[in-house]
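A structural walkthrough
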Amino acid sequence: MKKYVSYDKLLLTCIIVLFSIYLSITLISTSFADYTTTATCSHTALGVQYSEVAHPHKYFRTCKSCNTKVYVGGHATKNHGDGSWGSGTCPQCGSHSYPIPTVDQINASLKQHPHIVGVKCKCGSVKYTDPQINPDCSSCISTYNIKSKSATGNSVLYLSYLDGDSGAAISTTFPVPVKMTFQSKYSKSGSNFTSYSSKITCVFQSKLCSTRSKKPTTPFRNCTSRLLQQFEFKVIHKYAICTGFKPHACKSHWRKIFKVSHSKLLFSWSNWIRRRSYSSTQRFRKINIYFLRGDYQ
Amino acid sequence: MKKKTAIILCSVLAVIIVCSICVVSFGDEISFLKSLGISSKQSDDTVLAEYKDFKVTQGMVNFQKRAASLAGDNTNIEASDYTKDAIIDRLLIGRMLVEEAESRGVAATKAEMEDNLSSLKASYNDYPEVKKQVDEYCSGAGLSIDEYWTQVYDQSYDQISRTNLRILLGKDFCKETGYDGSVDDALMTDEFDQYYNDHRAQLLKEHQSDVKYYS
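Calculation rules
- Residues numbered from 1 in each chain as written.
- Chains lettered and ligands numbered in written order.
- Predicted model: local features only at pLDDT ≥ 70, side-chain atom pairs only at ≥ 80, totals over all residues.
- Heavy atoms only, no water.
- Phe/Tyr/Trp six-rings, centres within 6.5 Å; stacked < 30°, edge-to-face > 60°.
- Helix = DSSP H or I, 4+ residues; strand = E, 2+ residues; numbered from the N terminus.
- Buried < 20%, exposed > 50% of the residue type's maximum accessible area, 1.4 Å probe, protein only.
- Lys NZ or Arg CZ within 6 Å of the ring centre and 35° of its normal.
- Pairing = 2+ DSSP bridges.
- pLDDT = per-residue confidence, 0-100.
- Contact = heavy atoms within 4.5 Å.
- Disulfide = S-S within 2.5 Å.
- Expected span 1.5 Å × (residues − 1).
- Core = buried A, V, L, I, M, F, W, Y, C linked by side-chain atoms within 4.5 Å.
- Axes fitted to C-alpha atoms, helices over the stretch in contact; angles between N-to-C directions.
- Salt bridge = Lys/Arg side-chain N within 4 Å of Asp/Glu carboxyl O.

1. Section: the packing of aromatic side chains
Given two aromatic rings, their pairing is described by the distance between the two centres and the angle made by the two planes. Under the definition given, this model contains ten aromatic pairs over all chains. Aromatic side chains Phe192(B) and Tyr196(B) sit 6.0 Å apart centroid to centroid with 25° between the ring planes, which places their arrangement in the stacked category. With a gap of four residues between them, Phe192(B) and Tyr196(B) both fall in helix 9 (residues 190-206), about one helical turn apart. We classify Phe192(B) as buried; its relative accessible area is 0%. Ring pairs connect the aromatic residues Phe173(B), Tyr179(B), Phe192(B), Tyr195(B) and Tyr196(B), which therefore count as one cluster. The ring of Tyr71(A) is capped by Lys58(A), whose NZ or CZ atom sits 4.8 Å from the centre of that ring. The ring of Phe60(A) has Lys69(A) lying over it, and the distance from NZ or CZ to the ring centre is 4.5 Å.

If you want it as structure tokens, here you go:
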């Protein structure tokens with residue numbers, strides 16, 4: 001006996017199934033509204049497009065008839081920032097950008113161990129720089145095993161001059177004792193050598209001359225840096241005049257004259273350098289002395 | 001045998017070349033001062049310019065040119081400083097500066113000249129290197145040491161006078177610019193160099209009518 005399902009029952013079942021599906025979809029839509037916002041309506045009169053305040057700032061239009069918020073696809077990208085009202089920025093859009101620490105910030109950080117600087121992104125996020133090593137800080141000295149070394153050297157420079165303003169010029173020569181000192185703070189671990197600070201001074205010990213260091217200190221960060229130092233040297237020998245020769249011309253002029261004497265200023269730290277296992281090419285540091293001009297007095 | 005001889009000859013030649021290079025490389029200073037001395041002997045009295053009773057001769061110009069060329073294997077040397085005209089003007093200005101020093105009452109005194117000479121003599125006696133350099137110059141110039149000191153003494157009048165004037169100008173500079181450091185410090189500044197060079201240029205301009213050029 002064949003048993004037939006009535007048309008009404010079939011229709012009812014279909015309605016129930018469809019209604020269940022509708023309910024499920026509605027429920028899912030409600031639950032994930034924040035994420036999908038796929039609400040739609042059958043009306044055609046939609047308002048102006050706007051982007052949602054919350055990231056990712058999806059584009060919506062509001063139905064003028066039923067007030068339904070309709071996602072119309074895509075999203076806005078705002079400038080990176082703190083997201084404050086009216087700023088047009090969002091902390092999640094774009095990427096962080098941290099400024100380079102200022103000299104004042106770095107100097108301030110050197111006063112307190114650990115020597116770090118907090119730099120702030122426009123969005124308010126703070127990043128801390130890698131700790132700086134302050135060779136004068138007792139905590140750093142013990143942490144990084146920083147040592148000090150100094151060396152001194154003396155030499156005599158022989159300065160000749162010509163009077164450029166005089167037709168009957170005659171070469172005269174006088175001695176200039178020079179004292180050079182070198183100070184360095186460094187650490188050494190195995191084959192790694194790091195110099196944290198270095199200072200070279202060059203003093204002309206003569207009343208006849210005066211010097212000013214063009215760059216009084218030359219900090220260098222590793223042992224391969226060249227320790228070339230330029231010193232400007234002015235003759236204030238009371239009766240030495242070489243006016244007329246321009247400064248730069250005089251400079252090379254005198255340097256040429258003292259080529260041999262100049263080489264005596266090779267400053268050797270071979271003793272301590274040897275102990276530190278430097279390569280032979282680094283045993284000598286030549287101090288460059290620029291004779292500015294044998295110009296006046 | 002021939003091969004061995006060739007090797008020995010080549011070695012000897014190489015040693016000679018190396019020695020020559022060393023002599024040339026390390027002998028610059030000596031040869032410079034000696035050359036300078038030799039140059040100072042070469043005189044040419046042809047007058048190129050005249051300012052009152054002061055005459056600029058071809059010999060003076062040649063000497064400065066020679067000094068510059070001896071020192072001038074460097075790109076820093078400006079050729080314009082060593083042209084004939086530049087040297088003539090420089091020497092004329094040198095004379096004008098001495099005159100100005102005299103008119104402003106800061107010309108060299110005998111005591112200053114003697115003090116300068118004794119200071120240089122002391123260095124000559126106390127430092128062998130100074131003696132070596134001075135002797136080198138004298139041998140080139142064909143001067144005895146006494147003749148050398150006499151020339152140094154004579155030359156010092158102009159030098160000291162110009163130096164004293166320069167110090168005076170340094171004081172003027174401090175007053176005019178309100179420089180708050182010492183005069184000694186002011187003399188070290190590039191600003192004063194400019195001031196001094198401007199003064200020199202102005203001096204030549206002012207006395208232009210008294211200058212006669214013959215070249």
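Now that the structure has been shown, the text picks up again.
2. Side note on the sheet that holds strand 2 (residues 58-62) of chain A
If you walk across this open sheet you meet the three strands as 1-2-3 (chain A), and the pairing is antiparallel. The open sheet has two edge strands, strand 1 (50-51) and strand 3 (69-75) of chain A, and neither has a second partner.

3. Regarding the pairing of strand 2 (residues 54-57) of chain B
Residues and elements named next belong to chain B. Inspection of the sheet shows strand 1 (residues 47-51) paired to strand 2 by four bridges, in the antiparallel sense. Across the sheet, Ala49 pairs through a bridge with Val56, a residue of strand 2. Taken together, strand 1 and the strand that follows it, strand 2, pair antiparallel across an intervening segment of two residues, in which Lys52 is found at a positive phi of about 55°.

4. Quick notes on the confidence of the model for chain B
Residues and elements named next belong to chain B. Of all residues in chain B, 80% attain a pLDDT of 70 or more, and the chain-wide mean is 82. Mean pLDDT values over the elements of chain B span from 58, in helix 1 (residues 2-26), up to 95, in strand 1. Confidence drops under pLDDT 50 across residues 19-30; counting only partners more than four residues distant or on other chains, this segment forms twelve contacts. Note on residues 73-77: pLDDT is under 50 here. Beyond four places in sequence and across chains, it has eleven contacts. For this predicted complex, the interface score ipTM comes out at 0.72, alongside a pTM of 0.56.

5. Details of the state of the cysteines
Scanning the model with the defined rule gives zero disulfides over all chains in all. Free of any disulfide, Cys140(A) has its nearest cysteine sulfur in Cys137(A), 3.9 Å distant.

6. Description of the pairing of strand 2 of chain A
Residues and elements named next belong to chain A. With two bridges joining them, strand 1 and strand 2 adopt antiparallel strand pairing. When the bridges of strand 2 are listed, Tyr50 appears paired with Phe60. Counted between consecutive antiparallel strands, the loop separating strand 1 from strand 2 contains six residues, among which His57 sits at a positive phi close to 60°. Pairing of strand 2 with strand 3 involves four bridges; the strand directions are antiparallel. Looking at the pairing, Arg61 lines up with Val70 of strand 3. Between strand 2 and the antiparallel strand that follows it, strand 3, lie six residues; Asn67 among them carries a positive phi value of about 65°.

7. Here's the deal with helix 9 of chain B
Across its 17 residues, helix 9 of chain B extends 24 Å between first and last C-alpha, which sits within 8% of the 24 Å expected from 1.5 Å per residue. Along helix 9 of chain B, the residues classified as buried are Phe192(B), Asp193(B), Tyr195(B), Tyr196(B), His199(B), Arg200(B), Leu203(B) and Leu204(B).

8. A short note on the nonpolar core
The tendency in soluble globular proteins is for nonpolar side chains to be buried as a group. Core analysis: the biggest nonpolar cluster contains 29 residues, and Val56(B), Ile88(B), Leu92(B), Met96(B) and Phe192(B) have the highest contact counts within it. Ile170(A), Phe63(B), Ala67(B) and Tyr124(B) belong to the second-largest nonpolar core, a separate cluster that totals 19 residues.

9. Some thoughts on the sheet that holds strand 3 (residues 211-213) of chain B
Sheet strands associate in pairs through backbone hydrogen bonding, adopting either a parallel or an antiparallel arrangement. Residue and element names in this part refer to chain B. Overall, antiparallel pairing links the three strands, which are arranged 2-1-3 in an open sheet. The open sheet terminates on both sides in strands that have one partner only, identified here as strand 2 and strand 3. Ignoring strand direction, the axes of neighbouring strands in this sheet form an average angle of 15°. For strand 1 and strand 3, the ladder comprises three bridges, and the chain directions are antiparallel. Paired with Ala49 across the strands is Tyr213, a residue of strand 3.

10. Section: the pattern of salt bridges
All names here are of chain B. Considering all chains together, one arrives at six salt bridges over all chains under this definition. Put simply, Glu100 and Arg104 hold a salt bridge, and the shortest N to O gap is 3.5 Å. The buried category is assigned to Glu100, whose relative accessible area is 13%.

11. Re unusual backbone geometry
Residues and elements named next belong to chain A. The omega angle of the peptide bond from His55 to Pro56 is 10°, so this bond is cis rather than trans. You can see Pro56 is positioned in the loop between strand 1 and strand 2. With an omega of -5°, the peptide bond running from His113 to Pro114 counts as cis. Along the chain, Pro114 turns up in the loop between helix 3 (103-109) and strand 6 (118-120).

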